[in-house]
Amino acid sequence: LPASRDSKLFIKDLHFDEVPVRIYLPRVPSASKRRGVIVFHGGCGIFGSIRSYERICQHIARKSDSVVVSVGYRLSPEHKYPAQTLDCLAATVHFLKTAENYGVDPDRIIVCGDSAGGTFTASVCQELANRRDISKIRAQVLIYPFLQALNFNLPSHQKNASIAFLSQERIVRFILKYLNKDCSMKEAILAGSHVPESMNLKYRKWINPDLISEVFRLDYKPPLPTSFLPQVHEETKELFETRFSPLLAEDAVVCHLPDTCIITCEHDVLRDDGLLYKKRLEDNNVKVTWHHMEEGFH
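Small disclaimer: the values here were computed from a predicted structure and weren't measured. (Residues numbered from 1 in each chain as written. Predicted model: local features only at pLDDT ≥ 70, side-chain atom pairs only at ≥ 80, totals over all residues. Heavy atoms only, no water.)

If you tally the helices and strands in the protein chain, you get ten helices and eight strands. For 298 residues, the compact-globule formula gives about 19 Å, and the C-alpha radius of gyration of the protein chain, at 19 Å, lands near that figure. Summarising its shape, the C-alpha atoms of the protein chain cover approximately 60 × 40 × 40 Å along the three principal directions. Out of the 298 residues belonging to the protein chain, those deemed buried represent 55%. Put simply, of all contacts in the protein chain between residues at least 6 apart along the chain, 76% involve residues at least 24 apart. Summed over all atoms, the accessible surface of the protein chain reaches about 14000 Å², with 52% contributed by carbon and sulfur. Mean positive and mean negative side-chain charge positions of the protein chain (38 and 36 charges, respectively) differ by 5 Å. (Helix = DSSP H or I, 4+ residues; strand = E, 2+ residues; numbered from the N terminus. Rg over C-alpha atoms; globule rule 2.2 N^0.38 Å. Buried < 20%, exposed > 50% of the residue type's maximum accessible area, 1.4 Å probe, protein only. Contact = heavy atoms within 4.5 Å. Areas by Shrake-Rupley, 256 points an atom, 1.4 Å probe, with all protein chains shown as cover. Lys, Arg positive; Asp, Glu negative; His and termini not counted. Charge placed at Lys NZ, Arg CZ, Asp CG, Glu CD.)

Another aspect to go through is the UniProt feature "domain: Alpha/beta hydrolase fold-3" (unreviewed entry) in the protein chain. Feature annotation in UniProt places "domain: Alpha/beta hydrolase fold-3" (unreviewed entry) on residues 37-182 and 239-298, given in this structure's numbering. Annotated as residues 239-298, this span is 28% helix and 32% strand, and its ends, taken at the C-alpha atoms, are 21 Å apart. (UniProt positions renumbered as here; feature names shortened; annotations may be inferred.)

Pairing is possible between side chains of opposite charge, provided their charged atoms come close. For the structure on display, the rule yields 21 salt bridges. The salt bridge partner of aspartate 251 is arginine 280, with a shortest N-O separation of 2.4 Å. On the criterion of sequence distance, the pair formed by aspartate 251 in helix α9 (residues 251-254) and arginine 280 in helix α10 (residues 271-283) is long-range, its members being 29 residues apart. Judged by its relative accessible area of 34%, aspartate 251 falls in the partly exposed class. Taking the relative accessible area as the measure of exposure, arginine 280 reaches 4% and is therefore buried. With a shortest N-O distance of 2.8 Å, aspartate 272 and arginine 271 are connected by a salt bridge. The burial state of aspartate 272 is the same as that of arginine 271; both residues are buried. Residues joined in a network through salt bridges with shared partners are Lys159, Glu266, Arg271 and Asp272. (Salt bridge = Lys/Arg side-chain N within 4 Å of Asp/Glu carboxyl O.)

Before going further, it helps to examine the nonpolar core. Counting residues in each nonpolar core, the largest one holds 78 residues, and the members touching the most others are Val71, Phe152, Ile171, Phe244 and Tyr277. Examining the composition of this core, we find that seven residues originate from one element, helix α2 (residues 83-98), more than from any other. For isoleucine 171, the contacting residues outside a window of four places in its chain are Phe146, Phe152, Leu166, Val269 and Leu270. By size, the runner-up hydrophobic cluster in this structure holds 13 residues, among which are Tyr24, Cys57, Cys112 and Cys261. (Core = buried A, V, L, I, M, F, W, Y, C linked by side-chain atoms within 4.5 Å.)

Packing of α2 against helix α3 (residues 116-128) leaves a shortest axis separation of 10 Å and a crossing angle of 60°. Of the possible angle classes, the one that applies to α2 and α3 is oblique. α2 and α3 meet at a crossing whose hand is right-handed. Taking contact as the criterion, the partners of Gln84, Thr85, Cys88, Leu89, Thr92, Val93 and Leu96 in α2 are, on α3, Phe120, Ser123, Val124, Glu127 and Leu128. Grouping the constituent residues of the contact of α2 with α3 by class yields seven nonpolar, four polar and one charged. (Axes fitted to C-alpha atoms, helices over the stretch in contact; angles between N-to-C directions. Parallel < 35°, antiparallel > 145°, perpendicular 65-115°, else oblique. Left-handed = near helix turned anticlockwise from the far one by under 90°. Nonpolar A, V, L, I, M, F, W, Y, C, P; charged D, E, K, R; others polar.)

The next subject is the sheet that holds strand β3 (residues 34-40). Ordered in space as β1-β2-β4-β3-β5-β6-β7-β8, the eight strands form an open sheet in which the pairing is mixed. Single-partner strands in this sheet number two, and they are β1 (9-16) and β8 (288-297). Pairs of neighbouring strands in the sheet enclose a mean axial angle of 20°, with direction left out of account. Relative to strand β4 (residues 67-71), β3 runs parallel, the two sharing five bridges. Each bridged residue has a counterpart across the sheet, and for phenylalanine 40 the counterpart in β4 is valine 71. Lying on the sheet, α10 is in contact with β6 (139-143), β7 (259-267) and β8; it crosses β7 at an angle near 150°. (Pairing = 2+ DSSP bridges.)

Positionally, leucine 281 belongs in helix α10. Considering only alpha carbons, one finds leucine 281 and valine 69, 212 residues apart in sequence, at a separation of 26 Å. Look past the residues within four positions of leucine 281 in its chain and what remains in contact with it is Gln140, Val254, Leu257, Thr260, Ile262, Val286 and Val288.

This next bit is on the layout of surface pockets. Taking a probe equal in size to a water molecule and rolling it over the atoms shows the remaining empty space. Each pocket or cavity is described by its volume, and for the largest pocket that value is around 600 Å³. Looking at the largest pocket, it is lined by 26 residues, and the ones nearest its centre are Asn151, Ala191, Asn200, Arg204 and Pro223. Contributing elements (two or more residues each) for the lining of the largest pocket: α6 (186-191) and α7 (197-203). At three residues, α6 tops the list of elements feeding residues into the lining of the largest pocket. The class makeup of the residues in the lining of the largest pocket is 15 nonpolar, eight polar and three charged. The calculated volume of the second largest pocket comes to roughly 420 Å³. (1 Å grid on protein atoms, 1.4 Å probe; cavity = no way out; pocket = protein on both sides within 12 Å on 5 of 7 lines; lining within 4 Å. Points joined across faces, edges and corners; volume = space filled by probe spheres on them.)

In structure tokens, the structure reads:
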């Protein structure tokens, strides 16, 4: 949708550090500086746009009386990874530095995203966790985020393997498309053949079905052992970068993350990514609010 007229909002298309954004400002004057909400849309880094999130951004601005910034990051495959995360980071830093120009308190800015937008949210918050030259992000909102590419056989992957829209197979296909990789590697990645045993051992403390509450592990069957394929690993090394898989970040980063709201859905292959990140944040004394939609899907 194009930017539409709204009697309660002033809507304007701008550029923050060369990144297209659409900003939604409540028209009613405020006695104090408002809160700010930065929104990264979902779509696997391939689909979606500022226009497709027009209604939700208007809704957030009106209901929360906040200034909302919707970020139009560049999409893959025309713009190679990590252009998407870098655009989100640049727009966020710009807004943190210029918030007062829009009547926003720079200490009351949250970052929000769904699906891949949740990945970018987690990544941006990690990259800014130890910055001292700008205001800290007040909170992050992760709506059914994608957070790791090590294990595609967690309980939620198995349970929702053939779910409509985002199946177990489709998520790996989208990842390979996003990274401009050969989709013939899909089966190897689904089986876990892209991960060397040393890496599996290293990250087992964070990515492990045993860390997920028993109620979410009903009918779970541990996958059969698989052979490591060095060539596939070499071709897909981006999957192990914390920018791509924020669940792999070290505790020294995670412990400095802002207050977090995580929303998970029962009928979603990505459910367990959110559950595992929730545990990691709580283990590092980060305040977490968790909402689980039992009838929800991706």
